[in-house]
Amino acid sequence: MRCPQIERILIGRNWEQSTAIYAQIQTHLKRCPQCRRFAEELQILRIDAAVLAATTAPEALSSSVLSKCKSKLQESIQSFPRQIPVWVRTCTGLLCLLTMLWAYPVIKDLVTENNVHPSTGLVVTLVIQNAIMLLFAPLIIRIFRDRAQKSQYWFLHAFRRN
Amino acid sequence: MEPSDDELVYRIRIHDEEAFELLFKRYKSMVYRYSHYLTLNSTEAEDLFQDTWFRVVKYLPSYGKIESIHAWICKITSNLYRDLLRKKKYQRILFKDKPYTSVTSDENVENVVLEVKDHGRKTEVRIEMQRAIALLPYRQRQVFILKEIEGFKLSEIGQSLQMPLGTVKSLHYRAVRHMRNELCDLQFKG
């Protein structure tokens, strides 16, 4: 291995994991004073960098920031819709009712005239109902998400509150 | 037993204040150090520290999957610092202010040393290290702080700074070489 390659490996820090590379580096360091000096300097640099890692956040600053953050978190809870809005529940109920009313005569005709089993009719109803719900779902979700401050975890919150 | 980062994130997402406090205590020093060594100015570092945590509160509940929370927090700090630099640049252009002094200028390096003395940390190593960090180019400085001071993995640095792994490796190599050259005298004095 050449000196620039050794330098890169020493800086990379993951050379100790491979025994083959470790042995090669040790051999190189024994015969190359320049790289040996580089390795020593690098070690000192890392020790010095560890000195800087002892810096901590000032207590006054952290406590003030923490209290502000907590109040912000509290505000976001207060403005959070705690349950599904009444208008969404009403609309969903109406949709279900309309679907059933609309599907009922069709199913009745099918049952009386073509001799279709009622369970088939029920499945058809459910399919239609789900199709309508899916049609409106993006709109409902978008409105709800905007109101819930774009939170996609609203359901977790709703479970926790209940 | 201390809760894991993932658990804390999950709890914060359901607006658990206690979990946020734990996360804050766990990473406050990291955020402060990163802000401090990036800006090399106490006032700016405090502003950056505060804004970072405000953003964490605002976006953590609605953010998608987070692989590493400390890398994500550092990403916020880096973005805020980049905005700060941009703002300074625009101020200079718009208001024809005095020329923008990057932290690599001699004047700022002196400020760094004075601030350190004000805080009572007069060790030569610390001062020289800060002086050398101040002389590093912006991107090298980010990588050096995260790798050598905070002990991040290179992949995490890539996530934080939105850089490919190769770029991170190269910046780290150049930063270490730069620091070594700057600190050569100090090492051989000691």
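All figures in this text were calculated on a predicted structure; none of them were measured in a lab. (Residues numbered from 1 in each chain as written. Chains lettered and ligands numbered in written order. Predicted model: local features only at pLDDT ≥ 70, side-chain atom pairs only at ≥ 80, totals over all residues.)

Secondary structure assignment for chain A yields seven helices and zero strands. Along chain A, from the amino end to the carboxyl end, the secondary structure elements read α-α-α-α-α-α-α. Residue burial in chain A is summarised as follows: out of 162 residues, 10% are buried. Residue pairs at least 24 apart in sequence account for 55% of intrachain contacts in chain A once pairs closer than 6 positions are excluded. (Helix = DSSP H or I, 4+ residues; strand = E, 2+ residues; numbered from the N terminus. Buried ≥ 20, exposed ≤ 12 C-beta atoms within 10 Å, placed from the backbone. Contact = placed C-beta atoms within 7 Å.)

Okay, the interface of chain B and chain A next. Taken together, the contacts link 32 residues of chain B with 32 residues of chain A. Breaking the side of chain B that touches chain A down by element, the ones donating at least two residues are α2 (17-39), α3 (42-59), α6 (124-135), α7 (138-149) and α9 (165-189) of chain B. The biggest single contributor to the side of chain B that touches chain A is α2(B), with nine residues. In the side of chain B that touches chain A, the residues fall into 16 nonpolar, seven polar and nine charged. (Nonpolar A, V, L, I, M, F, W, Y, C, P; charged D, E, K, R; others polar.)

The subject of this paragraph is the confidence of the model for chain B. Residue and element names in this part refer to chain B. When pLDDT is averaged across chain B, the result is 79; 79% of the residues are at 70 or more. Here residues 99-107 scores under 50 on pLDDT; set against residues more than four positions off or in separate chains, the count is 11 contacts. Every residue in residues 113-122 is under pLDDT 50, and counting partners more than four places away or in other chains gives nine contacts. In the predicted complex, the global pTM is 0.65; the interface-specific ipTM is 0.75. (pLDDT = per-residue confidence, 0-100.)

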